[in-house]
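Examining the three-dimensional arrangement
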Amino acid sequence: DGGITQSPKYLFRKEGQNVTLSCEQNLNHDAMYWYRQDPGQGLRLIYYSQIVNDFQKGDIAEGYSVSREKKESFPLTVTSAQKNPTAFYLCASSPTGGKGYEQYFGPGTRLTVT
Amino acid sequence: AQRVTQPEKLLSVFKGAPVELKCNYSYSGSPELFWYVQYSRQRLQLLLRHISRESIKGFTADLNKGETSFHLKKPFAQEEDSAMYYCALRAAGNKLTFGGGTRVLVKP
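Scoring rules and cut-offs
- Residues numbered from 1 in each chain as written.
- Chains lettered and ligands numbered in written order.
- Predicted model: local features only at pLDDT ≥ 70, side-chain atom pairs only at ≥ 80, totals over all residues.
- Heavy atoms only, no water.
- Pairing = 2+ DSSP bridges.
- Helix = DSSP H or I, 4+ residues; strand = E, 2+ residues; numbered from the N terminus.
- Axes fitted to C-alpha atoms, helices over the stretch in contact; angles between N-to-C directions.
- Buried < 20%, exposed > 50% of the residue type's maximum accessible area, 1.4 Å probe, protein only.
- Phe/Tyr/Trp six-rings, centres within 6.5 Å; stacked < 30°, edge-to-face > 60°.
- Lys NZ or Arg CZ within 6 Å of the ring centre and 35° of its normal.

**Some points on the sheet that holds strand β8 (residues 76-78) of chain A**
Strand-to-strand pairing in sheets goes through backbone hydrogen bonds, with the strands running parallel or antiparallel. All names here are of chain A. Across the sheet, four strands lie side by side as β1-β3-β8-β7; this open sheet has antiparallel pairing. Only two strands of the sheet have a single partner each, and these edge strands are β1 (4-7) and β7 (64-66). Taking each pair of neighbouring strands and ignoring which way they run, the sheet shows an average axis angle of 20°. The pairing of β7 with β8 spans three bridges and is antiparallel.

So this is what it looks like as structure tokens:
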């Protein structure tokens, strides 16, 4: 089954702990994205990467960090500095250039921090 | 900065009735607008884009630059149209700005 995968589906952490969410794609896409989805607020961009070893902050990057060491992988770390980390996190990938408008989404990870 | 607004959080219609999901945007340049849909237990996926001007699953959307709107319409709603719909704007590069989403519930 090709596409974009996220693991785990559900994640529970104690407050004060860092946690890393996995995102992998085998679509050979250059660009990858992390969004946070909260009820009534839609999707908000956390970080994105257009190419390996490069990434940019999105609209709500504070308290998060990413890396892009491989084309296929774009892990997101939710640090203890993130004030409200409980949310549903979506990863996406897309080609760059003309077809870059179509983002392919993963199934998401629901993170609960208590 | 760009912004996308979907004023309705929930739209409830009967099967066979028309449905219109509103989307307004603010962007100083020439935007590309899209509608994404998330059916129950499925991934978020692209429904249609304004440039293609096509009808997908009976849905159409027209970009109105004067009113800065990109409303999604279907003349006869079906139960399988029940889903979460997001309007999105592409400005620079591949970045998309999403609206808050509208949940559509089609009642039998």
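**Section: the pairing of β1(A)**
Residue and element names in this part refer to chain A. The two faces of β1 differ: Ile4 and Gln6 on one face are buried, but Thr5 and Ser7 on the other face are not. In terms of strand pairing, β1 meets strand β3 (residues 19-25) through four bridges, oriented antiparallel. Looking at the pairing, serine 7 lines up with serine 22 of β3.

**As for the packing of aromatic side chains**
For the structure on display, the rule yields ten aromatic pairs over all chains. Taking 6.3 Å as the distance between ring centres and 25° as the angle between the ring planes, the aromatic pair formed by A:Tyr33 and A:Tyr35 counts as stacked. Look at A:Tyr33 and you get buried, because its relative accessible area is 1%. Between A:Tyr35 and B:Phe98, the aromatic rings sit 5.4 Å apart at their centres with planes inclined by 90°, giving edge-to-face as the arrangement. Of this pair, A:Tyr35 sits in strand β4 (residues 31-38) while B:Phe98 sits in strand β10 (residues 96-98), on two different chains. Three or more aromatic residues joined by ring pairs make a cluster, and in this case those are A:Tyr33, A:Tyr35, A:Phe105, B:Tyr36, B:Tyr86 and B:Phe98. Over the face of the ring belonging to A:Phe74 we find A:Arg68, whose NZ or CZ atom lies 6.0 Å from the ring centre. Over the ring of B:Phe14 we find B:Lys107; its NZ or CZ atom is 4.4 Å from the centre of that ring.

**Description of unusual backbone geometry**
Between A:Ser7 and A:Pro8 the backbone carries a cis peptide bond, its omega angle lying at -10°. Its location among the elements puts A:Pro8 in the loop between β1 and β2 (10-13). The phi dihedral of B:Arg41 falls on the positive side, at around 65°, and the residue is not glycine. Along the chain, B:Arg41 falls in the loop between β5 (32-38) and β6 (45-49). Judged by its relative accessible area of 84%, B:Arg41 is exposed.

In short, geometric facts, not functional conclusions.
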